[in-house]
Amino acid sequence: MTHFDTNITALRRRDPDLADRIEATEPGCRVALERARNGEPTARVGDICIHSPYNPSREAEEWARAQAERFSPTKPLTVVGFGLGHHLRALAGLGFGGTVIEYDLELLRAALEQVDLAGVLDRFALMADVPPDQVRRRHDRLLKGNVASHPASLRTSPATLGTLGPYAEGLALAAEGGLRILVVNPIYGGSLPAAHHCARALRALGHQVIPFESETLAPGIDFGKQFTYNQSRRAFQAGLTQLLSQAVEIRVRETRPDMVLALAQAPLLPDTMRRLEQGGIPTAFWFVEDYRVLTYWRESAPYASYFFGIQKDNFAAELERVGVSRYAYLPTCAAPEVHRPLELTRAERDEFGSPLSFVGAGYYNRQIFFKGLTDYPFRIWGSDWPLISPLSPYLQRQSARIDTETCVRIFNASAVNLNLHSSTTCDGVAPDGDFVNPRTFEIAACGAFQLVDRRSLLPELFGEGDLATFGSLAEARDTIDRHLHDEEARRHVALRGRERVLAEHTYERRMEELVATMVGAFPHVAERVRKRIERRGEIMGNLERHPGLEKLLERMPDRRWFTLRNALEGIVTGEGKLSRAERIFLMLQNVEVLWEKIPE
Amino acid sequence: MKEIAILAIARYGDMIQMTPLLRRLRQAHPGARITAIVEDRFCGILPLMEGIDRTIVLAKQEIAWEIATGETPLAAYGTMDRFVRQLEEGEYDLLINITCSRLSAFFASAVTNRKATGFVADATGSRQIKTLWGQYIFSWFNDNIRKYNPVNLVDIFTRLGCVAPDGKRVALAATEKGEQFATEFLEKHGLAGKRLVGLQLGASEKIRIWPPEHFARVSDRLQRELGVTTILFGAPNEKELAEQALAAMELPAVNAVGETGIEELFSLVGRCAALVSNDTGTMHFAAAAGVPTVMLCIGPAFFRCTGPYGEGHVALQPALPCSPCPYGLDCADPACRTAITPEAVFSACRLQLGDGDEPADGDFPGVRVYRSGFAPDGYLTWDGLFNIDPEAESLAKRRETMWKSCFDGTGSGAGEPKDPVLRDFHRLMNRGIQTTTEIMAAARKKPLPVDRIKRLGDDEAAIEGELKLMGYRHEILAPVATFLTLVRENMTATELADVARETRLLYETGRSLAANL
C-alpha cells in the first residue's frame with residue numbers, strides 16, 4: 001500500500017467527504033515537491049520552503065518541542081497549516097491531538113502521498129472547507145484554545161492561514177491583556193446606538209473604553225439647520241466635523257489608546273486617521289452601511305488602518321480599487337441586553353402586538369411590497385411612510401419614529417415579524433441583496449418569530465430553521481399562512497434564532513473579532529499588549545510583596561483595566577493608616593505630567 | 001551619625017544649593033554615609049557634587065511617561081515600587097527633605113529614620129513638617145509673603161541638616177571631561193585668553209525670562225564698550241531664544257546654547273569673567289565656580305531666597321511693588337520683564353568687571369541693586385547698593401536677625417518691643433502663653449473641669465483669631481502670623497494637655513519673634 005492509500009483510508013474514517021475531495025484533486029504546479037538533504041520529502045511554494053530543505057523531521061521536532069513548552073498535550077490543539085505534515089507527526093509523537101486548519105487541497109494531496117500520516121490523522125481532525133471568516137465566527141472555540149501556527153504555512157497562504165494565525169494570537173493577547181480603545185461615536189443617526197453597544201461590549205470583554213461622545217454636540221447640528229441654504233448647512237456641518245476630528249487627535253494624545261474605533265458617520269477625517277496611524281495608533285473603521293447607497297467610504301476607507309464592512313466580495317473588490325488592502329467582513333449583530341425576550345402585560349400586547357407586524361422606514365420597495373399584505377391584520381411601525389396611501393390604515397402612531405424599547409415590545413408582542421431589507425429601486429425583494437440588516441439579529445435576539453427576505457450572506461449567518469425566509473410575495477404569504485396559527489412552530493424557530501444570535505452574533509462577539517483582528521494585524525499593538533501583560537504579571541504574580549495591593553485591586557472595576565483615578569478614588573488621607581500600596585498610588589498622583597511631555 | 005539621607009527631588013539649582021549642606025554634614029559627621037535621593041532628570045550633576053556616598057535615583061521621567069501614555073497604572077506602580085524598595089532598605093539616623101512637594105513627603109514616609117527634617121507624610125498620609133526651619137520655609141513657599149523672606153534657601157537647607165552655615169559659597173568640582181570640553185570650545189572659537197561674559201538667556205518658566213532683545217543690547221555694549229566677548233548659554237530647548245537674541249545683535253555673540261552637557265556647562269561658565277543670568281541653574285553654576293554674577297530677578301525670582309550663593313554677586317530687582325510675585329501667578333502684564341533695562345544690566349556688568357567709573361543710582365533706572373556677602377554667623381546676606389529704600393532695607397535686616405535668632409536660639413531680645421504694633425503682638429503672645437498654661441493645669445485635674453477648659457479653649461481660639469487678623473492688618477507681622485498659622489496646622493498632638501503644650505510653644509515662638517524683630 002502506498003502512503004496515499006493508508007492516509008486516505010485513515011482520513012475517510014474521520015471525514016469521508018474531505019477524503020473524496022482530496023482524491024478528486026489533481027496534482028497541480030503550485031506545490032513543488034523536493035527531497036531534503038536527509039532524503040525526506042519536502043516542498044516549496046514559490047520561494048517559500050514549507051519544511052527544511054536539509055532535515056524536515058529534526059526541524060519539525062524542534063518546533064513541536066517548543067509547542068510542548070507552551071501547551072499541554074492533554075488539551076486539544078489547533079494547528080494552523082498542514083504543510084506536508086512533518087510537524088504534525090512530531091506533535092502526534094508528543095501526544096498532541098486536535099484540529100488542523102488547511103485550505104490547500106493540492107498540498108494536502110501531496111502530503112498524503114509523500115508522508116505516512118496515519119498516526120496524525122488518527123489524532124487530528126482536518127478542517128479544509130470553512131472560510132476563515134466563518135472559522136472566526138462559528139468555530140471560534142478552535143482559535144480560543146491552544147493554537148500553534150506553522151510559520152511557513154502562514155507565509156504560503158497569506159489570505160487564509162496567514163490571517164488566522166495572527167488572529168488567534170490577537171484573540172489570546174486581547175483577552176488576557178485588555179486594550180485601551182477610544183471609541184468615536186457619531187454625532188447622531190443609526191450608528192450612534194451601535195457605537196454605544198460596541199462600547200458596552202468592549203467593556204464586557206475587559207477592554208478599557210475611552211469614550212469620545214460626539215453626540216454631546218448634537219445641538220450643534222440643530223443650530224446648523226437654521227442656515228437657509230443647503231450649501232451653508234453643509235459648510236457648517238463640515239466645520240463641525242473638522243472640529244471634532246481635531247478633538248479626537250487631542251483626546252488621543254491625552255489618553256494614548258492602543259487603537260481607535262470609529263463607526264460609520266463618526267467625525268473622523270482622513271487626515272486625522274493618517275496622523276493617528278503615523279503616531280502608532282491604528283484606526284478600525286466599521287462601516288455598518290450599504291456601500292452602494294452611502295459612498296463616502298471612498299474618501300475614508302483608504303486612510304483607516306483597518307476597514308470593516310457588512311458586505312463581502314463585491315465591496316472588498318471596490319475597496320481594493322481605491323487602494324484598501326486591510327478589509328474584513330464584519331456583519332451587523334444585536335445587543336441581547338437590549339433586544340431581549342420580555343414578559344408583556346395584556347395591555348402591552350394589545351398596544352404593540354399584531355399577527356403581522358413590520359418596524360422600519362418607508363422605503364420604496366416596502367411601500368410596493370406591503371400592499372400585497374393588506375388583507376392580513378397588519379401593523380406598520382416606523383417613519384417616512386406616505387401618510388396617504390393604501391397602507392395608511394396600517395400605519396401606527398402616524399408614522400412617527402419608533403424608539404428601541406418600543407421596537408423590543410413590538411417584536412415580543414407580534415406573532416410574525418416581517419423583515420424586508422430596504423431598497424430604493426426594487427419593487428420588493430432585492431434580487432442581489434447581500435448584507436443582513438441589524439433588524440434580523442435584533443428580532444431573533446428578542447426570541448421573536450421573524451420572516452425575512454433572502455440575502456446572499458444570510459445562510460452563513462443563520463442555519464436552516466433559525467429563521468423563516470421568503471424570496472417573493474407569494475412565498476411570504478405562504479409562510480405567513482403556515483405560521484400564523486402554528487404557535488409551536490413559531491416558538492421553535494424563534495428559539496433557534498435567539499440561540500444562534502447569542503452564540504455568534506452579539507456585539508461582544510463582533511468586538512472580540514474586530515479587536516483580535518487589529519492586534520493580529522498590527523505587531524506594535526500586540527507588543528504593547530504583551531508588554532502590559534508581562535508588567536502586570538510581575539506584580540499580580542507577587543501580590544504578597546505588595547502589602548495592601550490585593551485589597552485595593554478588589555475595589556477596581558476590572559483588574560485588567562483600571563485607571564489611576566479608579567485606584568485613587570478609594571484612598572482617603574488623614575484618617576486611617578494607609579497601606580503601602582495606597583502610599584505608592586498617592587506618590588503616583590503627585591508625579592507631575594506636563595502636556596508638553598506627552599508624546600504627540 | 002552613621003547614615004544620613006538627603007531627599008532632593010529637585011532641579012539643578014536646588015542640587016547646587018544643597019552643596020554647603022553636604023559640606024557641613026561631612027565636617028560634622030565625618031564617618032557618616034550620605035545617601036542622596038534624586039530624580040533622573042537632574043542626576044547628570046552628580047559627577048560634579050562632592051560628599052555623596054550613594055545615590056538612589058527616582059525614574060520620574062519613566063513614571064511620568066507611563067502615566068502620560070495611559071498605560072495600566074500597575075506599570076507606573078511597578079516602577080515606583082522598585083524605587084520605594086530602595087528607600088525602604090536600611091535605616092537612617094537623619095533624613096533631610098529639602099524638597100517642598102507632597103511627592104517628596106510620601107517618599108520621606110517610606111524611609112526608616114531616627115530623625116527627619118522638612119516635609120514628611122505621616123502614616124495616614126497627612127502633612128507633617130519637621131523642625132522650625134522646615135516650617136519656616138513652608139510658610140512662605142507657596143504664599144505671597146515670600147517677598148519678606150530674608151534668608152537664602154541654601155542656608156535653610158543647611159539648617160535642615162541641623163548644621164550651621166560656614167560662610168562659604170556653593171561648591172562643585174569640575175570634571176576632566178568638562179574641562180577638556182571648555183578648553184577645546186574656547187580654542188575652536190578663538191576665545192583662549194579673551195575676557196568672556198556669559199549670558200544665560202532662558203529660565204525654567206517663561207515668566208522668569210528677560211527678553212532676548214535686551215540681552216542682545218547688553219551683549220553689543222559689552223563687546224563694543226568693554227571689549228569683552230559674550231557667550232550665550234542655554235539648554236537645547238532654548239535655541240529659539242538664542243536665535244532671537246543673535247538676530248537682534250549687531251555684534252554676534254558666541255553661541256554655546258545646546259552645545260553643553262552639565263559637566264561641560266560648569267567648566268565653560270567657570271572660564272567667564274562674569275555671568276548675566278535669569279534665576280537659573282547656570283547662575284548657581286557661576287556661583288559655584290566663583291564667577292561674579294548679575295542676577296535678573298524677573299517674575300517670582302527673588303535674590304534673597306534663591307540668589308547666587310557666594311560673595312560679590314549682584315542682583316537687580318525691579319522697583320515694582322509687585323516684584324517678586326508669588327509662584328504660579330499668571331500675569332497679564334509682566335512689567336518686570338522690561339523694568340530691568342539693558343542700561344542697568346550693562347552698569348551691573350561694568351561693576352562686576354571693575355571697568356570704568358563707580359556707578360551711581362542713575363545708572364540703574366527702574367531697579368534696586370544689591371550685592372551679596374556673608375554675615376559673621378556664616379549666613380548669606382544682601383546689602384543694598386543703588387536705588388535702595390532705607391526703611392525696607394532696615395526691615396529686611398531686622399527680619400533676617402529675627403528668624404535666625406529665634407530658630408537658632410541666638411536672639412537677645414526678651415522684653416516688650418517699643419514698636420506699638422509689635423508690642424501689642426507681644427502682649428497677645430503672652431496672653432496665649434498664659435491661657436495655654438492654664439489649660440495644661442486644668443487638664444491635669446480630676447475630675448476634669450470641663451466648663452473651665454471650654455472657656456479657656458474659647459479664649460485661646462479668640463487669641464488665634466486675633467493673631468491672624470494682626471497678620472492681615474500689619475505688613476510687618478504678615479510673615480510671622482503666617483508662619484505661626486502653619487505651625488499650628490502642623491501640630492500632631494491629640495491629648496488635651498499635649499495640644500496645650502504645643503500651642504504654648506507656638507506662642508513662645510511668636511513672642512520670641514516679636515522680641516527679636
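Everything below is about the structure printed above this text.
Residues numbered from 1 in each chain as written. Chains lettered and ligands numbered in written order. Predicted model: local features only at pLDDT ≥ 70, side-chain atom pairs only at ≥ 80, totals over all residues. Heavy atoms only, no water.

**A look at the sheet that holds strand β10 (residues 259–263) of chain A**
All names here are of chain A.
Here is step 1 of the chain: Within the open sheet, the 6 strands sit side by side as β9-β8-β10-β11-β12-β13. Their pairing is parallel. One side of each edge strand has no neighbouring strand; the edge strands of this open sheet are β9 (208–212) and β13 (327–329). On average, adjacent strands in this sheet sit at an angle of 20° to one another, irrespective of strand direction.
Here is step 2 of the chain: Pairing analysis gives 4 bridges linking strand β8 (residues 180–184) to β10, with the strands arranged parallel. Each bridged residue has a counterpart across the sheet, and for Val-183 the counterpart in β10 is Leu-261. (Pairing = 2+ DSSP bridges. Helix = DSSP H or I, 4+ residues; strand = E, 2+ residues; numbered from the N terminus. Axes fitted to C-alpha atoms, helices over the stretch in contact; angles between N-to-C directions.)

**Here we look at the sheet that holds strand β11 (residues 293–296) of chain B**
Residue and element names in this part refer to chain B.
Here is step 1 of the chain: Sheet architecture is open: 8 strands sit in the order β9-β8-β7-β10-β11-β12-β13-β14, paired in mixed fashion. If you trace the sheet from one side to the other, it starts and ends with β9 (254–255) and β14 (380–386), each paired once.
Here is step 2 of the chain: The sheet contact formed by strand β8 (residues 229–233) and β9 spans 2 bridges and is parallel. Looking at β9, one finds that Leu-232 is bridged to Asn-255.

**Brief notes about the interface of chain A and chain B**
Quite often, the size of an interface is put as the accessible area lost when its parts meet.
Here is step 1 of the chain: Counting from both sides, the interface comprises 40 residues of chain A and, opposite them, 36 residues of chain B.
Here is step 2 of the chain: Together, the buried faces of chain A and chain B total about 3,200 Å²; carbon and sulfur atoms form 64% of this surface.
Here is step 3 of the chain: For the chain A face of the interface with chain B, the top three residues by lost area are Arg535(A), Arg580(A) and Met587(A), together amounting to 19%.
Here is step 4 of the chain: For Glu66(B), the salt bridge identified is with Arg535(A), shortest N-O distance 2.6 Å.
Here is step 5 of the chain: In this assembly, chain A and chain B are joined by 9 residue pairs in polar contact (both at pLDDT 80 or more).
Here is step 6 of the chain: Counting residues per element, the ones that place at least two in the side of chain A that touches chain B are α13 (230–255), α24 (523–540) and α27 (580–589) of chain A.
Here is step 7 of the chain: Along the lines of polarity and charge, the residues of the side of chain A that touches chain B split into 18 nonpolar, 7 polar and 15 charged. (Contact = heavy atoms within 4.5 Å. Buried area = accessible area lost by both parts, 1.4 Å probe. Salt bridge = Lys/Arg side-chain N within 4 Å of Asp/Glu carboxyl O. Polar contact = N/O pair within 3.5 Å; in protein donor to acceptor, adjacent residues only side chain to side chain. Nonpolar A, V, L, I, M, F, W, Y, C, P; charged D, E, K, R; others polar.)

**Digging into the side chain of Thr99(B)**
Residues and elements named next belong to chain B.
Here is step 1 of the chain: Tracing the backbone through its elements, the reader meets Thr-99 in the loop between β4 (94–97) and α5 (102–109).
Here is step 2 of the chain: What makes Thr-99 buried here is its relative accessible area of 8%.
Here is step 3 of the chain: Within the structure, Thr-99 has its side chain in polar contact with the backbone nitrogen of Ile-9 (distance 3.1 Å). (Buried < 20%, exposed > 50% of the residue type's maximum accessible area, 1.4 Å probe, protein only.)

**Describing the nonpolar core**
Here is step 1 of the chain: Counting residues in each nonpolar core, the largest one holds 149 residues, and the members touching the most others are Phe585(A), Met18(B), Met80(B) and Phe107(B).
Here is step 2 of the chain: With near-sequence residues (within four places) excluded, Phe585(A) lies in contact with Leu549(A), Leu552(A), Phe562(A), Leu564(A), Ala567(A), Leu568(A), Ile571(A), Pro73(B) and Tyr77(B).
Here is step 3 of the chain: Residues Cys198(A), Leu205(A), Trp286(A) and Ile310(A) belong to the second largest nonpolar core, which totals 68 residues. (Core = buried A, V, L, I, M, F, W, Y, C linked by side-chain atoms within 4.5 Å.)

**Some thoughts on the side chain of Thr158(B)**
Residue and element names in this part refer to chain B.
Here is step 1 of the chain: Mapped onto the elements of the fold, Thr-158 is located in helix α7 (residues 153–160).
Here is step 2 of the chain: With relative accessibility at 1%, the residue Thr-158 sits in the buried group.
Here is step 3 of the chain: Setting aside chain neighbours within four positions, we find Thr-158 in contact with Pro-20, Leu-21, Arg-24, Val-163, Ala-164 and Pro-165.

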